[in-house]
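Commentary on secondary and tertiary structure
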Amino acid sequence: MHLTRQQESVLRGDSGEAAEFAMRLVTRVGDVYGADRLVPVTSAHVFANYSSLNDAGVELFERFTRLGGKFSVPTTVNPLSADLEKEGSFSVPRSYEIKQRRIARAFNALGGVPCWSCINYQFCNVPRRGDDLAWSESGAVCYANSVIGARANRLSAGLDIACGLIGLTPHFGYLLDDNRRGKLLVKVTASIRSDSDYHTLGYVLGREVGTQVPVLEGLRPDITPDQLKILGGAAAAAGSVAMYHAVGITPDAPTRSQALGGEPPTERLEIGPSELRHAREELDQTDRRPDLVALGGPQYSLSELLNVARLLEGRRVRPGIRLWIYSPAYFAGLAAKTTMWRSLVGGGARLVTTSCAEIQPMGALGVHSLMTNSSKFANLIPARYDVEIRYAPLEECVRVATGG
Amino acid sequence: MPQTLEGRTVAAGYARAPALVGQKPFMLAYGIDPKSGRVIDQRHDLYGQSVRGRVLLFPHGKGPTSGSMWLLETIRRGNGPAAILNRESDANVSTGLILGELLYRRKIPAMDRFTPDAFTVIRTGDVVEVDAARGRVRVWRWLTK
């Protein structure tokens, strides 16, 4: 890899020990990827949840703070493994909560922006088309590449922090034009209208295409930013989709031919009503009464919060069921200023603003049966915890949570 | 005579240990228990086996990008593999191993892109020598005859 003189001097320790450590990691991983150089990024987005980072993650973060590290670009952060804003009200083990607090403290000491959100791109870290990014959250990477036309690889945890510290990332993968071209043509013949349809479509897409860049045809032109978020988040979790094109919708795909870079597709695929039905049946494993109804995977935006508020109007959450809605503090704060707030939380629903169902310790929270409208939750949670999933559209989730 | 394979160095180092060969893509995040080194992903063909001290083979990684920290935690607790060999290594493997060296001074080699294909040559239990600095792997098999 070619390094500039300035980068060489960082590697020699001239910019401090934290930057030296970060630079060693970034250059060595970059070499593995055959990166020719490092490029400046406009922002970083990192993991800081204890359930994924483990004790090694606590030590890594604290090593960087001890060495005097500071992020050199705006750096935002994914949700945590415990809702730290409501101490004591969530029954995570004390030792677990302490470790999570240590990571959060170290992240803040490095100068990070404590948004605790997987949808940074909807409010606090909004890139422009063509920006190079150092992000690790796979759903956010998928949105940035596909919907915004920014450039990001799915960085590994640890590498994300290092890139944020030095403000550089290896030049490889989705930063290169060649790898951003769609290869596989996916015709969507199923009728996709509701958010729930996009959840299921994203799941099918991820499972079918794996790591390839699909070109989607047949999506409605009035698809909303939230629906594009849902589609990409689900596909990124079910496969390793880091980028998709939707013809006539996403910026690098004004036409099918442009999305495919003027080449014929390597493969063609059709997703019809039966694929969607099978996926729904696969994700929906139980009729059991849920301990927890979890909404917001990816986290809800303001418009999604207001939509749930409308459904919850005049309803109360049934005893024995918890209804948790995941949304960053920024949107929850705005919702609290609207007349819809009472409908949203007055009936017993809880806004969880710093955490996410995927990374909360479900066993410790006493959750054995979980109902959700999110295919991402339905797909990932049973692989991590001993939890049965009931997968249904939003309206059905609200009906079960509130009765009647 | 051992059989020799050549590949690309992902993380430098030297190891000699029995092989543990997984055929399916491997999910490190929530798929390995750092406290024991055992594979806990029930959908994986190595489910229940310990990677500790073995030359671990899997074709490529899958799942969350936090896998690097699960590998690092496994190494931190002394339950890491002796080496990792892939068809194609990903950022979780390279980041986890390089951090293992930088933070805990445990140098675990990794290599990928082998000729001939490591997955047709190496079987679980073979003794495998990984000399990543030289880009070379040697394989011994105990013959039962």
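All of these numbers come straight from a predicted model, not from anything done at the bench. (Residues numbered from 1 in each chain as written. Chains lettered and ligands numbered in written order. Predicted model: local features only at pLDDT ≥ 70, side-chain atom pairs only at ≥ 80, totals over all residues. Heavy atoms only, no water.)

The next thing to look at is the sheet that holds strand 10 (residues 292–295) of chain A. All names here are of chain A. The strand order 12-11-10-13-14 describes an open sheet built from five strands, whose pairing is parallel. A strand with exactly one partner marks an edge of an open sheet, and here the two such strands are strand 12 (350–352) and strand 14 (388–391). The mean angle between the axes of side-by-side strands here comes to 30°, regardless of whether they run parallel or antiparallel. Where strand 10 and strand 11 (residues 322–326) come together, four bridges link them in parallel fashion. Within the sheet, the bridge partner assigned to A294 lies in strand 11 and is W324. The sheet strands contacting helix 15 (residues 375–384) are strand 10, strand 11, strand 13 (369–372) and strand 14, and the helix crosses strand 14 at an angle near 165°. (Pairing = 2+ DSSP bridges. Helix = DSSP H or I, 4+ residues; strand = E, 2+ residues; numbered from the N terminus. Axes fitted to C-alpha atoms, helices over the stretch in contact; angles between N-to-C directions. Contact = heavy atoms within 4.5 Å.)

Moving on, we come to the environment of D132 of chain A. All names here are of chain A. Tracing the chain through its elements places D132 in the loop between helix 4 (94–109) and strand 4 (133–135). Residue classification places D132 among the buried positions, given a relative accessible area of 19%. Here D132 is in contact with V39, P40, V41, T42, S43, R151 and L175, once residues within four sequence places are set aside. (Buried < 20%, exposed > 50% of the residue type's maximum accessible area, 1.4 Å probe, protein only.)

Residue and element names in this part refer to chain A. Counting across every chain of the model gives three cavities of 30 Å³ or more. Lining the largest cavity are D195, H199, I230, Y300, E304, N307, N373 and L394. Those elements that provide at least two residues to the lining of the largest cavity are helix 8 (195–209) and helix 12 (302–312). Tallied by class, residues from the lining of the largest cavity come to three nonpolar, three polar and two charged. (1 Å grid on protein atoms, 1.4 Å probe; cavity = no way out; pocket = protein on both sides within 12 Å on 5 of 7 lines; lining within 4 Å. Points joined across faces, edges and corners; volume = space filled by probe spheres on them. Nonpolar A, V, L, I, M, F, W, Y, C, P; charged D, E, K, R; others polar.)

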